[in-house]
Amino acid sequence: MNTKIVLLPGDGIGPEVTREAELLIESVAQIHGMDIEMQSGLIGGAAIDATGDPLPQESLAVCREADAVILGAVGGPKWSDPDAKVRPEQGLLKIRKELGLFANLRPVCLHPKLVDASPLKPEYLEGVDLMVVRELTGGSYFGEKVESDDFASDSCTYSREEIERVVRMAGDIARQRSGKLTMIDKANVMATSRLWRKVTDEIMQADYQDLAYETILVDAAAMYLISNPARFDVIVTENMFGDILTDEASMLAGSMGMLPSASLAAGKFGLYEPIHGSAPDIAGKGIANPFGMLASVAMMFAYSLDLKEVADQVDQAISDCISDGHCTADLGGTLNTSEAGAAVRRKLAENTLGS
Ligand code: IPM
Ligand code: MG
């Protein structure tokens, strides 16, 4: 079977970590004798510079033909003038919408070696292992926008169907994990949140009675993520709350450079990206932590290519490298980006081929 993967390196440290994803995918293909075809496309600021469009039609067209997409990061100071008509982030939002990537999975767990890398006290970090399922193609990100010099508005809209499909996905994921689902909203203020609560309550009542289900207001949830993060297993929430809470949750994992994500459509197709963003302050220095990207590649093998075993092997190789101190400076190591990527490929080969 010929698998097609599109690489969209984007901006900042995006190309540096995407290169490591490419090399890892080549290694996996070689180890397991797979036929994987990769091709690159433009997105974000790099696409604006080359074509004037943050998501050229050609990029979208190749993604539509692919089994999965790997994305580095978009954005940077060069394109962040608030008056600019075209911004790199528009490319990211458009690809999510156009490809129907409605569910964004962001797992957060802490390698024991990284307890000291987290700004939280070790006693708060015990047992942290959670999965945020963020709705990705609705809410205020995509509602009508009004902008003038004296007035602006972003409208937040959700339909029952948009809520239902992501809640069901989160419920199914919770079933595979510890069986606990937390829905986070602001139902004491927002009409959209009241619909989220009504629809989620109904679905849980009808089809997920086996789960331990609770709802928490987003402000309280932000506090619990710090004061008692181990109380959470699977979280489902709307687009903007999920954006904010996952940056907060990333600190539980020791470094933002560690966190992967999967943005899934109905079916198997998905886009995989680390959550760290373009990190312009360290771009071009070759020091970015590639592990969040490599863990995103693992998610791709699990969710889009149905190769859970390969995903586990990649995760294990990353974990072994951290245990051995073969990592970048943000994790207390001394390796640069390409050395850390090479260390993971070496571990993977060692673990799977015994060489
Ligand atoms: C993310 C990012 C994006 C978002 C930005 C770059 C538009 O913060 O993927 O979390 O807000 O969704
Ligand atoms: Mg974000």
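Every value quoted in this text rests on a predicted model; they were computed, and no experiment measured them.

### Let's talk about helix α2 (residues 44–51)
Here comes step 1: Looking at α2, one finds that the buried residues are Gly44, Gly45, Ala47 and Ile48. Around the axis of α2, the buried residues are gathered within 160 degrees of arc, so they sit on the same side.
Here comes step 2: Gly52 sits one or two residues past α2 and shows a positive phi near 90 degrees.

### Considerations on the state of the cysteines
Here comes step 1: Scanning the entire structure with this criterion turns up zero disulfides.
Here comes step 2: Between Cys109, a free cysteine, and Cys327, which holds the nearest cysteine sulfur, the sulfur-to-sulfur gap is 16 Å.
Here comes step 3: The exposure class of Cys109 is partly exposed, given its relative accessible area of 47%.

### Looking at the side chain of Ser59
Here comes step 1: Mapped onto the elements, Ser59 comes out in helix α3 (residues 57–64).
Here comes step 2: Of the residues examined, Ser59 reaches a relative accessible area of 4% and is grouped as buried.
Here comes step 3: Sequence-distant contacts of Ser59, defined by excluding residues within four places in its chain, comprise Gly41 and Leu42.

### Let's talk about the pairing of strand β4 (residues 103–109)
Here comes step 1: Most of β4 sits out of view: six of its seven residues are buried.
Here comes step 2: Two elements, β4 and strand β5 (residues 129–135), share seven bridges in a ladder whose sense is antiparallel. Within the sheet, the bridge partner assigned to Cys109 lies in β5 and is Asp129.
Here comes step 3: Relative to strand β11 (residues 262–264), β4 runs antiparallel, the two sharing three bridges. Following the sheet pairing, Asn104 is matched in β11 by Ser263.

### A closer look at the domain arrangement of the protein
Here comes step 1: Looking at the assigned domains, one finds that the protein contains domain 1 (1–101 + 257–355) and domain 2 (119–253).
Here comes step 2: With 10 residues of domain 1 at the contact, the number on the domain 2 side is 11 residues.
Here comes step 3: When the buried area of domain 1 at its contact with domain 2 is split by residue, Leu93, Arg96 and Lys97 rank highest and sum to 43% of it.
Here comes step 4: Listing elements by their share of the side of domain 1 that touches domain 2, those giving two or more residues are α4 (88–98) and β11.
Here comes step 5: The element best represented in the side of domain 1 that touches domain 2 is α4, accounting for three residues.

### Some words on the side chain of Glu238
Here comes step 1: Take Glu238: it is sitting in the loop between β10 (234–237) and α9 (239–250).
Here comes step 2: Side-chain polar atoms of Glu238 contact the backbone nitrogen of Met240, separated by 2.7 Å.
Here comes step 3: Within the structure, the side chain of Glu238 is placed 3.0 Å from the backbone nitrogen of Phe241, a separation counted as a polar contact.
Here comes step 4: In this structure Glu238 touches Arg134, Glu135, Cys156, Tyr158, Ile184 and Trp196, once residues within four positions along its chain are discounted.

Here is what the cut-offs are and how they apply
- Residues numbered from 1 in each chain as written.
- Chains lettered and ligands numbered in written order.
- Predicted model: local features only at pLDDT ≥ 70, side-chain atom pairs only at ≥ 80, totals over all residues.
- Heavy atoms only, no water.
- Buried < 20%, exposed > 50% of the residue type's maximum accessible area, 1.4 Å probe, protein only.
- Helix = DSSP H or I, 4+ residues; strand = E, 2+ residues; numbered from the N terminus.
- Arc of directions from axis to C-beta.
- Disulfide = S-S within 2.5 Å.
- Contact = heavy atoms within 4.5 Å.
- Pairing = 2+ DSSP bridges.
- Domains from an automatic or database assignment.
- Buried area = accessible area lost by both parts, 1.4 Å probe.
- Polar contact = N/O pair within 3.5 Å; in protein donor to acceptor, adjacent residues only side chain to side chain.

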